[in-house]
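These are the residues of each chain, in order.
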Amino acid sequence: MTQHDDLIVFCGAGGFIGGHLVAEYRRRGYTNLRAVDIKPFEEWHQRFPDVENLRLDLSRRENCFKALEGAVWVYNHAADMGGMGFIETHKALCMLSVLINTHLLEAAKRHKVRRFFFASSACVYAAGKQTSTDVIPLKESDAYPAMPEDGYG
């Protein structure tokens, strides 16, 4: 378990899930938190004055190294996406999220981050398992054989 004064970095913190994760760690008494997102601060779902907030493009390698400097834990929710409408019309841009993941992992290794959480999405599941409006709960084994959505997935 991390100490409450260890630096925890939340990438994609301006989004709905990332912002709520920061809020939960604050509620639990963690005080050394860094929130990172590409969006202008006024577009973040929530922002806290007692959290270090950085606006960085994490598809750029040098920004990943800056974001993770001193970090012990990292939560990566950063990606270029915006729902299926965005994904379907911006496939190449969505695929470039691999740069965010690659650079963050490289920075985590260099900075000796102890724990790294990568958040995935339902887009990794075979597209054929997501065509019906009858919701069938998906599990990790359903990601195989791999036939994900062809852009973001």
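Residues numbered from 1 in each chain as written. Predicted model: local features only at pLDDT ≥ 70, side-chain atom pairs only at ≥ 80, totals over all residues. Heavy atoms only, no water.

Some points on the environment of L58
Among the secondary structure elements, L58 is positioned in the loop between β3 (52–55) and α2 (61–67). In this structure, the C-alpha to C-alpha distance between L58 and V36, residues 22 residues apart in sequence, is 8.6 Å. Non-local contacts of L58, meaning those with residues more than four positions away in its chain, are made with C11, V36, N63, C64, A67, A78, L99, I100, H103 and L104. (Helix = DSSP H or I, 4+ residues; strand = E, 2+ residues; numbered from the N terminus. Contact = heavy atoms within 4.5 Å.)

Focus: the sheet that holds strand β5 (residues 115–118)
With respect to topology, five strands assemble into an open sheet ordered β3-β2-β1-β4-β5, the strand pairing being parallel. A single partner strand is all that each edge strand has here, and the edge strands are β3 and β5. Ignoring which end each strand starts from, the neighbouring axes of this sheet average 15° apart. The strands touched by helix α5 (residues 97–110) within the sheet are β1 (7–11), β4 (71–76) and β5, with β5 carrying the most contacts at an inclination of about 170°. (Pairing = 2+ DSSP bridges. Axes fitted to C-alpha atoms, helices over the stretch in contact; angles between N-to-C directions.)

Describing the nonpolar core
Grouped together as the largest cluster of nonpolar side chains are 19 residues, with contacts concentrated most on V9, C11, L58 and L68. Only β1, α2, β4 and α5 provide two or more residues apiece to this core. Take this core: its biggest share by element is four residues, from α5. Those residues in contact with C11, other than ones at most four positions away along the chain, are V36, L58, L68, V74, Y75, N76, H77, A78 and L104. Residues A13, Y25, F48 and Y75 belong to the second largest nonpolar core, which totals 15 residues. (Core = buried A, V, L, I, M, F, W, Y, C linked by side-chain atoms within 4.5 Å. Buried < 20%, exposed > 50% of the residue type's maximum accessible area, 1.4 Å probe, protein only.)

Focus: the environment of R115
Inspection of the secondary structure assignment puts R115 in strand β5. Judged by relative accessible area, R115 falls into the exposed class, the value being 52%. Separated by 41 residues in the primary sequence, R115 and V74 have C-alpha atoms spaced 6.3 Å apart. Not counting residues within four places of it along the chain, the set of residues in contact with R115 comprises V72, W73 and V74.

With respect to helix α1 (residues 16–27)
When the terminal C-alpha atoms of α1 are compared, their 16 Å separation across 12 residues agrees well with the 16 Å that a helix rising 1.5 Å per residue should span. The complete set of buried residues in α1 reads G18, G19, L21, V22 and Y25. Looking straight down α1, one finds that the buried residues subtend no more than 160° of arc, so they occupy a single side. Turned more than 90 degrees away from the buried face of α1 sit F16, I17 and R27, all of them exposed. Residues of α1 that are buried sit in contact with β1, β2 (33–37) and β4. Immediately downstream of α1, the backbone of G29 shows phi near 95°, a positive value. (Expected span 1.5 Å × (residues − 1). Arc of directions from axis to C-beta.)

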